[in-house]
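Read off the chains here:
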Amino acid sequence: MAWFKRTEKGITTATEDKKDVPKGLWYKSPTGKIVDADELAKNFYVSPEDGYHVRIGSKEYFNILFDNNEFKELDKDMTSKDTLKFVDTKKYGDRLKDAMEKTKLKDAVRTAVGKSKGKDIVIACMDFSFIGGSMGAVVGEKIARAIDHSIKNKIPFLMISKSGGARMMEAAYSLMQLAKTSAKLAQLADAGIPYISLCTDPTTGGTTASYAMLGDVNISEPGALIGFAGPRVVKDTTGKDLPEGFQTAEFVLEHGFLDFITPRKELKDKINLYLDLIQNQPIR
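Bear in mind the structure is a predicted one, so any value in this text is a computation, not a measurement.

(A) Seen up close, the sheet that holds strand 8 (residues 217-220). In space, the seven strands of this open sheet follow the order 3-4-5-6-7-8-9, with mixed pairing throughout. Among the strands making up the open sheet, the edge pair consists of strand 3 (71-74) and strand 9 (260-261). Where strand 8 lies against strand 9, two bridges are found, and the strand directions are parallel. Within strand 9, the residue paired with Ile 219 across the bridge is Phe 260. Lying over the sheet, helix 4 (residues 137-153) contacts strand 3, strand 4 (109-116), strand 5 (119-126) and strand 6 (157-163), oriented at roughly 20° with respect to strand 4.

(B) Structural view of the packing of aromatic side chains. Applying the stated criterion across every chain yields a total of five aromatic pairs. Aromatic pair Phe 246 and Phe 251: ring centres 6.4 Å apart, planes at 80°, arrangement edge-to-face. Assessed through its relative accessible area of 17%, Phe 246 is described here as buried. Here the basic side chain of Arg 55 rests over the ring of Phe 128, its NZ or CZ set 4.6 Å away from the ring centre.

(C) Here's a closer look at a nonpolar patch on the surface. Judged by side-chain polarity, Leu 25, Trp 26 and Ile 34 come together as a nonpolar surface patch covering roughly 330 Å² of accessible area. With respect to the element layout, Ile 34 can be found in strand 2 (residues 34-36).

(D) Main features of helix 4. Helix length check: helix 4 (17 residues) gives 24 Å between terminal C-alpha atoms against 24 Å at 1.5 Å per residue, within 8%. All buried positions along helix 4 are accounted for by Val 138, Val 139, Gly 140, Lys 142, Ile 143, Ala 144, Ala 146, Ile 147 and Ser 150. Each element contacted by the buried residues of helix 4 is listed here: strand 3, strand 4, strand 5, strand 6 and helix 5 (171-190). Trailing helix 4 by a residue or two, Lys 154 shows a phi angle of about 55°, which is positive.

(E) Highlighting the packing of helix 4 against helix 5. Axis separation between helix 4 and helix 5 bottoms out at 9 Å; the angle between their running directions is 5°. Relative to helix 5, the element helix 4 is oriented roughly parallel. Across the interface between the two elements, Ala 137, Gly 140, Glu 141, Ile 143, Ala 144, Ile 147, Asp 148, Ser 150 and Ile 151 of helix 4 pack against Gln 177, Lys 180, Thr 181, Lys 184, Leu 185, Gln 187 and Leu 188 of helix 5. Here the residues of the contact of helix 4 with helix 5 sort into seven nonpolar, five polar and four charged.

Cut-offs applied
Residues numbered from 1 in each chain as written. Predicted model: local features only at pLDDT ≥ 70, side-chain atom pairs only at ≥ 80, totals over all residues. Heavy atoms only, no water. Pairing = 2+ DSSP bridges. Helix = DSSP H or I, 4+ residues; strand = E, 2+ residues; numbered from the N terminus. Contact = heavy atoms within 4.5 Å. Axes fitted to C-alpha atoms, helices over the stretch in contact; angles between N-to-C directions. Phe/Tyr/Trp six-rings, centres within 6.5 Å; stacked < 30°, edge-to-face > 60°. Buried < 20%, exposed > 50% of the residue type's maximum accessible area, 1.4 Å probe, protein only. Lys NZ or Arg CZ within 6 Å of the ring centre and 35° of its normal. Patch = residues over 30% accessible without salt bridge, like charges linked within 9 Å, V, L, I, M, F, W, Y side chains within 5 Å. Areas by Shrake-Rupley, 256 points an atom, 1.4 Å probe, with all protein chains shown as cover. Salt bridge = Lys/Arg side-chain N within 4 Å of Asp/Glu carboxyl O. Expected span 1.5 Å × (residues − 1). Parallel < 35°, antiparallel > 145°, perpendicular 65-115°, else oblique. Nonpolar A, V, L, I, M, F, W, Y, C, P; charged D, E, K, R; others polar.

So, in structure tokens, the structure goes:
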């Protein structure tokens, strides 16, 4: 019975000879479902086991929405500055540098123009991986310029929100973007150009308090977190117990703050259907 007995004590395999499973082969959803990473990508980053919509960024949304993933990025080299010389646990300048190196992004939003189902559209998409998708001066300026591009060229505008709110390291500069982007959207409305707001997980804080809820139609992906302040703050302010899931897309839809919820794989068709209807054009 010596076949199951260790003849030598200790682990003798050299470190360089050990075999590890490569990272990124599998994804585990919050409900515990295990999904092959390649299968997840083919399914628009939605778990086929439970329908959970994994957080994705501008790269993935552009690929989903633009025909053949072809687009022209607007103001792609614009970056934030540490005007206030802000320091918390680290310098804001260092935080920006680290975020750019880690994400390969310039800031928390990318804007681009291209064709979706054969017609031009301007898309501004936020990236939560860049300092929590926080809204600073650059985010506001890039969105404002993207709206200007829509007005100048009479092209519909789509805003994809994914943010933790205003960027505290820029203080009032950040809060000013709420009014700035809202004013630009008023100009877009005056020009009669459609604006679609897509709220993804999470859409919170100043983003919700400005452009995320000002669409001609406000839509969301299933299960997205949508709210202004966190549940604890809301409860302390109102003094009331909150219903379960009160900040989910489904709850927000039920109470009239969204027009509809669409699965990610239907996103491109639904957006373009709405644009055709509102512009009284043939359905594509």
